[in-house]
Amino acid sequence: MVAITGIAPAMAQTAGQATTPPADAPDTKSAAPQDTANQIVISGYARSITNANRIKELSTSVVEAISAEDVGKLPDVSISDALSRLPGLAVQQASGRAKYISIRGFGPDYTTATLNGRIVATVDDNRRFDYGQYPGDLFQEIDVIKTPSADLLNQGLAGTVNLQTYDPLKAKRTFSLNIQGAVGQYGALNPEASNKGYKATVVYVDRFADDTIGVSLGASAIKDPTQDYHWATGGGNGNYYGPTNPDSLGNIGPDDIQNYANSNTLYRQSGFGHVVFRPNDGFEMSLDGLYTQSKTREYSRGWELPLASWSHDTPIAGTETAQNGYVASEQWLVNPVLRNDYNTSDAKTYALGLNTKIALSSSLKLVLDASVSHATRHDNTYEIYAGTSFLNNTNPATATITRQQDGTYGVNIAGANYADPNQVSLTDPQGWGQVGFNNVPNLSDTVKNLRAELDGDIGTGFFRRWEVGVNYSDENKVSSYYGYFVCLPGAAGTSTVAGCGSWPALNGGPSSVAIPSSIINGSVTPYGVTGTSIIAINPLAAQNLLRTAPQSEASNVARDWTVRERLLTGYAQLNFDGNAGDVRIRGNIGAQIVYTNQSSTGGVATNATTVVPTYGRARYTYFLPSLNTSFEVARSTFIRFAASRTLARSKLDNENASFSVSYCGTNGCTTVPQINGKTPILQGTGGNPYIRPYFSDNVDLAVEKYFAHDQGKIALAGYYKHISNFATQNQILNTGNVNNGGPASTTTFAYDFSAYTALVTNPGQLTDSAYTTNGWASAPINDGKGSVLGFEVSAVVPLAVLTPALDGFGVIANYARTSSHIHFSNGNVITLPGLSKDVFQAQIYFEKYGFNARASYTHRGDYLGDYQLFNAQVTANLTKAQSTLDAQIGYDFKSGPLKGVSLYVQGHNLTNAKTISYVNNDPNEVNIRDQYGATYLAGMTVKFW
């Protein structure tokens, strides 16, 4: 017989039913009666495919699903990798790991993830759910809900991903252990690092007291190292001479080159527990909890090579060559800023949930649910600078830069050995006024939920069941940030603002510090560098030889804020199931009323050391209707239609009340319009605590055909979304060098800055009639509207339907195409952040006689992705298409003394795909390039029962 995985999370499992509609998942019906005269036993990977198809078939919504076998056996390092195999989903990596998911072209800030049907706290800067924090093998099932129903809370603009831990009264009894080792294609790129990792997972599921009590427990530990050949220009901002400002020969080239070798290691420990008590069909209580903690440690070594008139490096006349208008090669006399950076991140998340179901009568049920989750993250980025001389006064080397095939630049050095401590010291080669910097962001997030629902049966007519409920949610997210300069020893000098001060000339201190052998760990060779290697020193030990000085509060304050959102949601839904002739019609119709009380506290810096608190609040109510219908027009053939309105609240840093004011300098703010004929001298930027949610009005149409006892499927889905109230993703997104063609800024408005005149270092401007303390401020508002149009086609075909000779073989393929345009009032247009126009995935598998093999190919078209800049802020860059290949082979022992043992080997990213982003809408102007190499894994799973 066909084994089906139930889809009900803890929130709303209906007592007495094997497959039931959860309150936070699509409405479903129990499986149709099966032909018991011809029972078919499906096991292994084919069973997991059948489970996923059956979930999709039974749903009235458009959904995708992954069962435990998928996550455990696919060649996927994380949940995100597994989800990227589904139609309309795409993944974005960070540090070589799949962390974030886009659904139907919407980036991770516009989709929602839940744990057992409940929203959970996140460790991200905003709303993005970091799937890399969670081990996939601790979850029984993962559902992607693309069309919402009224009883689905926490809807995203594009969809909701629901992670479900093992329900012990539904899952099979099991006690299993998985042990896995991994090795990277690249050896350790830094002397402290390793390219070898491991993972260990244990899962226990059992039932007691005549199956009235169920317990499931799981734990996982992982060490996951990645190596990265990294290249950037302008800290990722993309500093090019540019098409409107070419160099003296009319060519385009970078004015800053960064070549790096990065080694990043993730350590993560996770555990979950789930206890269910169901003494009879009229009562059930369950308690579930999950805890995960992680830390990443990254050594990032290389150099920053300024190649511009503002630097202390100089070009060698007559050496520049070009091709097609781009600098092909050139020689410079340089003293690069040698970088020994160390980045740390420590995160923790816990989530607890209690659910109770009580049958008040044979036709009425009460469901109560309460949950709390809390997440914290602490980062620290240490930058330590070195070079051969202070201000490039002596010993410049000759650097030959050469354009590479992928648009980056390699560098050959002659005349210097940057690994020699006799030539290199801790100093300021370019006169930046510092020999390092520390960014220290901290985040905490707390989410509390309380929900009550009544479910009632109507009878045997067209409308079968009703639901009414109310949910209260309270989320409080806190961002705090501070930064400090790393300085040469000695007094701070005469500077009147925070920082290293005027040194070393005015404070009598040294212009460099020798590097003792005790802190030298070896050397590294960054990406694209020849002729020299770079000294590898212990960054923390080096900082202990130096001095630190705080950054100005005016720089810190914009990232110090608290945002609180209190939501009260009422909902009602009617579920129907009937026939019109030979066509079975199932579905639901309903609506939500969502009241939001949104507030933020922050601050405004009135000078370098003083911050004045700020506060803002907005309250609003919205109505969100939804309709889902499924027409079974022939056996196992469905037409689905859905219509709904969904909302997504703005990014949290958009909602914050903090405001940053800056002084434009002695010439005033010359890049903005004058005000009443006068030049502003101050400008400001910040969040908007009064911003409203984004809206999407959605229409979906799908056709699906299931065959071969639900092992096979062919589906076609189309969708249209009208977007309104859209606000830009972040302010950096809008700058021309990152996403040219988007708004020149967030909404800009006149503002009276007279309260912040203490920031003006030239007092004469305050009395000069040519200048004014009125200026321009910017903040995000709901200024955008547009549309998303797309379709998805997918197929799962067991090849035995073609000929019995291919029994055991199968293919899975899907293709999604999406287009979007968001228009702003200034006439500019952007695509949705995270959108790839084309996403294609194909997989071939074989499973028979205990052997299994799979290969999976994924292609993602160009998209607008998120990247972290040098100052620990996130920007959005246009990113080139990527193609990856993963594979796995294994063997499952079905009998004998090794019964229950499975062995496997996997290869991940066998194409060694690069991540390359670019600026100015010109793919030739590359600003970030990362390449992590393949990962090879081998493991063993033992099922003790």
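Up top is the structure.
Residues numbered from 1 in each chain as written. Predicted model: local features only at pLDDT ≥ 70, side-chain atom pairs only at ≥ 80, totals over all residues. Heavy atoms only, no water.

Student: Break down the overall build of the chain for me, with residues and values.
Tutor: Across its full length, the chain carries seven helices and 51 strands. Among the 945 residues that make up the chain, the fraction classed as buried is 59%. Considering only contacts within the chain whose residues lie at least 6 apart along the sequence, 74% involve residues at least 24 apart. For the chain, the accessible area works out to roughly 34400 Å², and carbon and sulfur atoms hold 57% of it. (Helix = DSSP H or I, 4+ residues; strand = E, 2+ residues; numbered from the N terminus. Buried < 20%, exposed > 50% of the residue type's maximum accessible area, 1.4 Å probe, protein only. Contact = heavy atoms within 4.5 Å. Areas by Shrake-Rupley, 256 points an atom, 1.4 Å probe, with all protein chains shown as cover.)

Student: Describe the pattern of salt bridges, and please don't skip the residues or the numbers.
Tutor: Close approach of charged atoms allows side chains with opposite charge to pair. Considering all chains together, one arrives at 41 salt bridges under this definition. One salt bridge in this structure joins Arg297 and Asp346, with 3.1 Å as the shortest N-O distance. Of this pair, Arg297 sits in strand E12 (residues 283-306) while Asp346 sits in strand E16 (residues 337-361), placing them 49 residues apart in sequence. A salt bridge links Asp341 to Arg339; the shortest N-O distance between them is 2.8 Å. The pair Asp341 / Arg339 is uniform in exposure class, with both members buried. Beyond isolated ion pairs, a larger network of salt bridges with shared partners links Lys56, Glu64, Arg104, Lys146, Arg640, Asp700, Glu704 and Glu792. (Salt bridge = Lys/Arg side-chain N within 4 Å of Asp/Glu carboxyl O.)

Student: Got a sec to walk through the sheet that holds strand E4 (residues 112-115)? Specific residues and values, please.
Tutor: The sheet built from five strands is open, its strands ordered E1-E6-E7-E4-E5 with mixed pairing. In the strand order of this sheet, the two ends are held by strand E1 (63-67) and strand E5 (118-119), each with one partner. Relative to strand E7 (residues 160-165), strand E6 (residues 139-145) runs antiparallel, the two sharing six bridges. Bridging across to E7, Ile142 finds its partner in Leu163. (Pairing = 2+ DSSP bridges.)

Student: Outline empty space enclosed by the protein, supporting the account with residue identities and numerical values.
Tutor: Here the structure, examined in full by the defined rule, presents 12 cavities of 30 Å³ or more. Considering the residues around the largest cavity, the lining is formed by 31 residues, among which Thr112, Ile119, Arg127, Asn154 and Arg649 are closest to the centre. Secondary-structure elements contributing two or more residues to the lining of the largest cavity are E4, strand E21 (436-457), strand E22 (463-487), strand E28 (561-580), strand E29 (583-605) and strand E31 (637-648). It is E22 that contributes the most residues to the lining of the largest cavity, four residues altogether. (1 Å grid on protein atoms, 1.4 Å probe; cavity = no way out; pocket = protein on both sides within 12 Å on 5 of 7 lines; lining within 4 Å. Points joined across faces, edges and corners; volume = space filled by probe spheres on them.)

Student: Tell me about the side chain of Thr265, and please be specific about residues and values.
Tutor: Mapped onto the elements of the fold, Thr265 is located in strand E11 (residues 256-280). Judged by its relative accessible area of 8%, Thr265 falls in the buried class. Not counting chain neighbours up to four residues away, the residues in contact with Thr265 comprise Arg97, Lys223, Asp224, Pro225, Lys295, Thr296 and Arg297.

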